[in-house]
Amino acid sequence: MIIVNCPMKRDYVTELLENYNEDGVTFKKVSEAGMKLSFETNLEDEEKAARIAKDTIKATEFGAVLYFQVTVG
């Protein structure tokens with residue numbers, strides 16, 4: 001499971017990751033508590049999944065200015 005801490009644009013981040021599907025890697029939101037979004041991934045290497053999520057968010061128009069953190073949980 002990966003955790004995305006993001007105080008703003010949580011719906012945007014959720015939609016972005018849930019619609020991500022490259023090389024068979026997918027994300028599915030399982031819970032949200034405050035600014036903490038929890039996602040399941042089908043990738044066994046969760047560190048790699050966290051890196052993919054972070055890079056995907058950073059590549060968006062908001063990614064350069066959006067404060068967020070991606071960790072493995």
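Cut-off values and rules
The residue numbers shown here count from 1 along each chain, following its written sequence. In keeping with the model being predicted, local features are shown solely for residues with a pLDDT of at least 70 and side-chain atom pairs are shown and tallied solely at 80 or more, while totals for entire chains, interfaces and linings include all residues. The side-chain values count all of the structure's non-hydrogen atoms but skip hydrogen atoms and water molecules. What counts as a helix is a DSSP run of H or I of at least four residues, what counts as a strand is a run of E of at least two, and both are numbered from the N terminus. Note on method: radius of gyration uses C-alpha positions; expected globular size equals 2.2 Å times residues raised to 0.38. Relative accessibility thresholds used throughout: buried, under 20% of the residue-type maximum; exposed, over 50%; partly exposed, between the two (1.4 Å probe, protein chains only). Whether two residues are in contact is decided by their heavy atoms: any pair within 4.5 Å suffices. For accessible areas, the Shrake-Rupley method is used with a probe of radius 1.4 Å. Any residue's cover is judged against the shown protein chains and nothing else. In this count, Lys and Arg are taken as positive residues and Asp and Glu as negative ones, while His and the chain termini are left out. By convention, charge coordinates are those of NZ in Lys, CZ in Arg, CG in Asp, or CD in Glu. Stacked, tilted and edge-to-face pairs are distinguished by plane angle, under 30 degrees for stacked and over 60 for edge-to-face with tilted covering the rest, among Phe, Tyr and Trp rings (Trp via its six-membered ring) whose centres lie within 6.5 Å. A ring has a charge above it when a Lys NZ or an Arg CZ is no more than 6 Å from the ring centre and no more than 35 degrees off the ring normal.

A tally of helices and strands in the chain yields two helices and four strands. Traced from its N-terminal end to its C-terminal end, the chain shows the element sequence β-α-β-β-α-β. Against the compact-globule benchmark of 11 Å for 73 residues, the chain has a radius of gyration of 11 Å, which places it among compact chains. A principal-axis box enclosing the C-alpha atoms of the chain has dimensions of 30 × 25 × 20 Å. Each of the 73 residues in the chain was classed as buried or not, and the buried ones make up 36%. In the chain, the share of contacts with a sequence separation of at least 24, taken over all contacts with a separation of at least 6, comes to 59%. Here the chain displays about 4600 Å² of accessible surface, and carbon together with sulfur accounts for 47% of that area. Taken together, the 9 basic and 13 acidic charged side chains of the chain have centroids lying 6 Å from each other.

Our focus in this paragraph is the environment of Ser 31. Position of Ser 31 relative to the elements: it lies in strand 2 (residues 27-33). Ser 31 sits in the partly exposed class, given a relative accessible area of 35%. Filtering out sequence-adjacent residues up to four positions away, Ser 31 remains in contact with Lys 36, Leu 37 and Ser 38.

Looking now at the environment of Ala 49. Within the fold, Ala 49 resides in helix 2 (residues 46-58). A sequence separation of 21 residues divides Ala 49 from Val 70, and the C-alpha atoms of the two residues are 9.7 Å apart. Excluding residues within four positions of it along the chain, Ala 49 makes contact with Ile 2, Phe 27, Thr 41 and Leu 43.

A few words now on the packing of aromatic side chains. Two numbers describe a pair of aromatic rings. These are the distance of the centres and the angle of the planes. Enumeration over the complete set of coordinates arrives at two aromatic pairs. An angle of 85° between the planes, with centres 5.1 Å apart, marks the rings of Tyr 12 and Phe 62 as edge-to-face. Here Tyr 12 is found in helix 1 (residues 10-18), whereas its partner Phe 62 is found in the loop between helix 2 and strand 4 (69-72), with 50 residues between them in sequence. Overall, the relative accessible area of 26% leaves Phe 62 in the partly exposed class. Of note, Lys 9 hangs over the ring of Phe 62, and the distance from its end group to the ring centre comes to 4.1 Å.

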